[in-house]
Amino acid sequence: MWKRIGELSCDDYVKAGLTLEDAKGFDKLVRDVLSTAIETDPRDQWKALVDESVLKPWHPHPLHQLLYYSVYSNWDSSVLGPPLYWFPSPAQSKSTNLGKLMETHGSRLLGASYKNPLESFELFRRFSVEHPEVYWSVVIDELSLVFHTPPRCILDKLKPGGTWLPDAVLNIAECCLMPSSHPKKEDDSVAVVWRNEGFDDSPLNRMTLKQLREQVMLVANAIGGSFEKGDTIAIDMPMTVDAVIIYLAIILAGCIVVSIADSFAAKEIATRLKISKAKGIFTQDYILRGGRRFPLYSRVVEAAPSKVIVLPASGTELRVQLREQDISWMDFLSNAKTHLSGENYYRPIHLPVDSMINILFSSGTTGEPKAIPWTQLSPIRSTCDGWAHLDVQVGNTYCWPTNLGWVMGPTLIFSCFLTGATLALYQGSPLGRGFGKFVQDAGVTVLGTVPSLVKTWKRTNCMEGLNWTKIKYFATTGEASNVDDVLWLSSKAYYKPVIECCGGTELASSYIIGSPLQPQAFGAFSTPSMTTRIIIFDENGVPYADDQPCTGEVGLFPQHLGATDRLLNANHDEVYFKGMPMYKETQLRRHGDIVKRTVGGYYNVQGRADDTMNLGGIKTSSIEIERVCDQADECISETAAVSLTPPNGGPELLVIFAVLKEGFKKPSEEELKMKFSITIHKDLNPLFKVSFVKIVPEFPRTASNKLLRRVLRDQMKQELLSFRSRI
Ligand SMILES: Nc1ncnc2c1ncn2[C@@H]1O[C@H](COP(=O)(O)OP(=O)(O)OP(=O)(O)O)[C@@H](O)[C@H]1O
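Note that the structure is predicted; figures quoted are calculated from it, not measured.

Observations regarding the overall build of the protein
No. 1: Tallying secondary structure elements over the protein gives 24 helices and 35 strands in all.
No. 2: Taking 727 residues into account, the globule formula puts the C-alpha radius of gyration at 27 Å, and the protein, at 26 Å, falls close to it.
No. 3: Principal-axis analysis of the C-alpha atoms gives the protein an extent of 75 × 70 × 60 Å.
No. 4: Of the accessible surface of the protein, which amounts to about 30,200 Å², a share of 51% is contributed by carbon and sulfur atoms.

A closer look at the packing of aromatic side chains
No. 1: Counted by the stated rule, this structure contains 23 aromatic pairs.
No. 2: With a centroid separation of 5.1 Å and an interplanar angle of 25°, the aromatic rings of Trp2 and Tyr69 are classed as stacked. Here the residue Trp2 occupies a position in the segment before α1 (10-15), and Tyr69 occupies one in helix α4 (residues 61-71), the gap between them amounting to 67 residues.
No. 3: An angle of 70° between the planes, with centres 5.2 Å apart, marks the rings of Tyr68 and Tyr69 as edge-to-face.
No. 4: Overall, Tyr68 belongs to the buried group, its relative accessible area being 3%.
No. 5: Here a set of aromatic residues connected by ring pairs shows up, and it is made of Trp2, Trp46, Tyr68, Tyr69, Tyr72, Trp75, Tyr85, Tyr495 and Phe522.

Brief notes about the sheet that holds strand β33 (residues 636-644)
No. 1: Across the sheet, three strands lie side by side as β33-β34-β35; this open sheet has mixed pairing. The sheet terminates laterally at β33 and β35 (690-695), the two strands that pair on one side only. Taking the axes of each pair of neighbouring strands and ignoring which way they run, one obtains an average angle of 20° across the sheet.
No. 2: Relative to β35, strand β34 (residues 653-660) is paired through five bridges, and the arrangement is parallel. Paired with Val655 across the bridge in β35 is Phe692.

With respect to the sheet that holds strand β15 (residues 356-361)
No. 1: The strand order β13-β12-β9-β7-β8-β15-β16 describes an open sheet built from seven strands, whose pairing is mixed. Edge strands, defined here as strands with exactly one partner in the open sheet, are β13 (327-328) and β16 (371-375).
No. 2: Here strand β7 (residues 232-236) runs beside strand β8 (residues 256-259); their pairing, made up of four bridges, is parallel. Opposite Ala234, over in β8, you have Val258 as the bridge partner.

Some remarks on the UniProt feature "transmembrane region" (unreviewed entry) in the protein
No. 1: Per the UniProt entry, the sites bearing "transmembrane region" (unreviewed entry) are residues 244-265 in this numbering.
No. 2: Across residues 244-265, the secondary structure splits into 41% helix and 18% strand, with the terminal C-alpha atoms separated by 22 Å.

Some thoughts on the site of the ligand
No. 1: Taken together, 23 residues surround the ligand, and among them Ser362, Ser363, Thr366, Lys370 and Arg608 come closest.
No. 2: Contact distances for the ligand include 2.4 Å between an oxygen atom and a side-chain N or O atom of Ser363.
No. 3: Take Arg608: an N or O atom from its side chain is 2.4 Å from an oxygen atom of the ligand.
No. 4: Every element with two or more residues in the shell around the ligand is listed here: β21 (498-504), β29 (589-597) and β30 (603-608).
No. 5: Ranked by the residues each element gives to the shell around the ligand, the list is headed by β21, at five residues.
No. 6: By residue class, the composition of the shell around the ligand is five nonpolar, twelve polar and six charged.

Looking at the UniProt feature "domain: Acetyl-coenzyme A synthetase N-terminal" (unreviewed entry) in the protein
No. 1: UniProt's feature table lists "domain: Acetyl-coenzyme A synthetase N-terminal" (unreviewed entry) at residues 125-176, given in the numbering used throughout.
No. 2: End C-alpha to end C-alpha, residues 125-176 measures 27 Å, and it is 37% helix and 12% strand.

So, the pattern of salt bridges
Side-chain pairing between opposite charges can occur once the charged atoms of the two side chains come close.
No. 1: A full pass over the atoms with the stated rule returns 36 salt bridges.
No. 2: One salt bridge connects Lys458 with Asp485, and the closest N-O pair in it is separated by 2.8 Å. Separated by 27 residues along the polypeptide, Lys458 in helix α19 (residues 451-460) and Asp485 in helix α20 (residues 483-491) bring together distant segments of the chain.
No. 3: Residue classification places Lys458 among the partly exposed positions, given a relative accessible area of 22%.
No. 4: With relative accessibility at 6%, the residue Asp485 sits in the buried group.

Some details on the domain arrangement of the protein
No. 1: Domain annotation of the protein identifies domain 1 (5-75), domain 2 (172-593) and domain 3 (616-726).
No. 2: On a C-alpha basis, the centres of domain 1 and domain 2 stand 39 Å from each other.
No. 3: With twelve residues of domain 1 at the interface, the matching set in domain 2 holds eleven residues.
No. 4: Roughly 1,000 Å² of surface becomes buried between domain 1 and domain 2 when both sides are summed, with 63% attributable to carbon and sulfur atoms.

With respect to helix α16 (residues 377-389)
No. 1: Relative to the 18 Å expected for 13 residues at 1.5 Å per residue, α16 spans 18 Å between its end C-alpha atoms, a close match to the ideal helical length.
No. 2: Burial of α16 is extensive: 13 of the 13 residues sit out of reach of the surface.
No. 3: Following α16 by one or two positions, Asp391 has its phi on the positive side, about 60°.

What about the environment of Phe294?
No. 1: Relative to the helices and strands, Phe294 resides in strand β11 (residues 292-295).
No. 2: As for Phe294 and Ser263, which are separated by 31 residues in sequence, their C-alpha atoms are 9.9 Å apart.
No. 3: Setting aside anything within four residues of it in sequence, one finds Phe294 in contact with Tyr286, Ile287 and Arg289.

So, the environment of Cys176
No. 1: Tracing the sequence through the fold places Cys176 in helix α10 (residues 172-177).
No. 2: Cys176 gets classed as buried once you look at its relative accessible area, which sits at 0%.
No. 3: Taking the C-alpha atoms as reference points, Cys176 and Gly420, 244 residues apart in sequence, are found 8.5 Å from one another.
No. 4: Contacts of Cys176, omitting those with residues within four sequence positions, involve Lys185, Leu209, Leu248, Phe414, Phe417 and Leu418.

Some points on the pairing of strand β12 (residues 308-311)
No. 1: Along β12, one buried face is formed by Val308 and Val310 and the opposite face, lined by Ile309 and Leu311, is buried too.
No. 2: In this structure, strand β9 (residues 280-284) lies alongside β12, joined through four bridges in parallel fashion. Paired with Gln284 across the strands is Leu311, a residue of β12.
No. 3: The sheet contact formed by β12 and β13 spans two bridges and is parallel. Looking at the pairing, Val310 lines up with Ser328 of β13.

Conventions and cut-offs
- Residues numbered from 1 in each chain as written.
- Predicted model: local features only at pLDDT ≥ 70, side-chain atom pairs only at ≥ 80, totals over all residues.
- Heavy atoms only, no water.
- Helix = DSSP H or I, 4+ residues; strand = E, 2+ residues; numbered from the N terminus.
- Rg over C-alpha atoms; globule rule 2.2 N^0.38 Å.
- Areas by Shrake-Rupley, 256 points an atom, 1.4 Å probe, with all protein chains shown as cover.
- Phe/Tyr/Trp six-rings, centres within 6.5 Å; stacked < 30°, edge-to-face > 60°.
- Buried < 20%, exposed > 50% of the residue type's maximum accessible area, 1.4 Å probe, protein only.
- Pairing = 2+ DSSP bridges.
- Axes fitted to C-alpha atoms, helices over the stretch in contact; angles between N-to-C directions.
- UniProt positions renumbered as here; feature names shortened; annotations may be inferred.
- Near = heavy atom within 4 Å.
- Polar contact = N/O pair within 3.5 Å; in protein donor to acceptor, adjacent residues only side chain to side chain.
- Nonpolar A, V, L, I, M, F, W, Y, C, P; charged D, E, K, R; others polar.
- Salt bridge = Lys/Arg side-chain N within 4 Å of Asp/Glu carboxyl O.
- Domains from an automatic or database assignment.
- Contact = heavy atoms within 4.5 Å.
- Buried area = accessible area lost by both parts, 1.4 Å probe.
- Expected span 1.5 Å × (residues − 1).

Shown next as structure tokens:
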């Protein structure tokens, strides 16, 4: 449906939103830039257009779409791999964290085979898989780690998952807070920059490393006065600068953080407090978000924990009446002050590297959320991923709207403070322009997102006119990205890479991800992460060869620094190992994703193994079907595909749920069914039959916004049952 790039004319540019005058200039520019590349590889054409900044962040999105899709209009992904939009430059690659490391150690470790960071990336990555102890020994030196007792070695292979950094003793919060010479963190380096929603035109707030340390030590002193070492203490509040201080203070004081996302209802808070046996909880009276005030303290109180420490959402006065056993933040802090007579210093509690610092909960897309213990190894792992794959370093300002209850919250804290980057926090809703203005004003250089956020920004066009060109990397996680949404995002900073990250809370890392040392494709992962070995296997558990394009469930090699070896509310072995195939002598670790490896070695996640369906004898995944259905009609905002086994048995039935965009003529479910069928037959498989279509106002999602296909499946099952019982 898209023209070839050489066939585009002023007319097309006008239709895409330019004035006739601008279209003429634009047409000439495109022709000039492509004059040397018109018959060549589309990748060279796209690269030339990007290198010359032909497309500007303020150009209308249809123009970006027109150029990108026209360049790749004849691209056959099944033969050529996914279309690429970002290409690393040799010069730039040498200034990345990993590039520098490779230039320093590459020849020593790889011998004469080492060429440069781009050509030798895959070789070096494989080396990191085969010799993780060598890789970690050099990368760990890049973080501001201070060991009270250094590790005996990097890896002791006696146990199945290995014992990492055995005998090491440290306090990971202390490592975040102390100045260091490499990475260069000084007392007056800016540690945190933040702004409150509603103050979008006011100056930014900044806190230096020294100020942060003093604040954390003050709170750690107060915690030391009220709790015992090893106590579990919950945090249920937005990810504000105070929440970050409390998080680090709990760990500094040798206690364990229980992170609970602030969007949970009382019942869910109660479950999490019970599983973790939390002795107390930090919360706010209200949550201020999107110009509204949502009660939080009342929800926490309903969950009935023992002691609640309550911060005001704004100002210094609480707007709620506290129960007798609870205490205001001010009173809590003043205890510490009295106790110390003005002296903030706190002696960090040093603990073995495998001691627990944080209890997190998975999002629960596949079932009950798992209570996942993070040890001091977990932040080391997650920071190293950000260091290697997002190039987080001194001088960066790193922002990722999230919450301490999601794995990205703690990851973001450690990724900043162990690498010397500045943490950027917007205290309010990330959905609107205020957030985008903060990104601009704070000079954010690494911006993390989740697909639903990007979808909203694109749909509402709320970021129009803002300058995001300081961003050098975007990142996205949580769910599969929509190609057109990431195209929109990348275009806001002259096509900077959007690094896809897919992992799990229990891995403290991504197992597949993008890299600044490899060309990137929208919505695709370019590599397993450093040191990670993945195996994709078929339905019989037979592995595909490492370089073979294929689709199947993924298994991980279990020796994975930072991965869990226990769960608090389930049997770890049963969840992650039972029933998994062996690879040679090794039993693989379950992750539960269906992964497609494309030609050229890129990856797509096709959903959870639980979301695969068998349609007429052919295995397929929800995401594959949704990708084509999303394009079936312009009135479609998003789709969700699930399959049902009919109550009386028989082949699985395909059901497609659709959310419609506003402002379009609403089709009937029958009409949509026709459209979906045609698209699926044309673009996916002529044998797939659509059994039902349901239009719904919105999809059920986890608190972190992940689509809950299992809830849709259950709903449909109920409907089918009640329909049958009525006839
Ligand atoms: N960039 C991404 N693209 C596609 N899927 C992703 C991406 N990032 C994360 N995911 C999905 O999210 C999963 C990890 O999320 P998390 O650790 O919160 O557990 P969960 O699977 O959502 O919850 P639970 O284990 O409770 O069912 C991944 O295994 C993958 O299925």
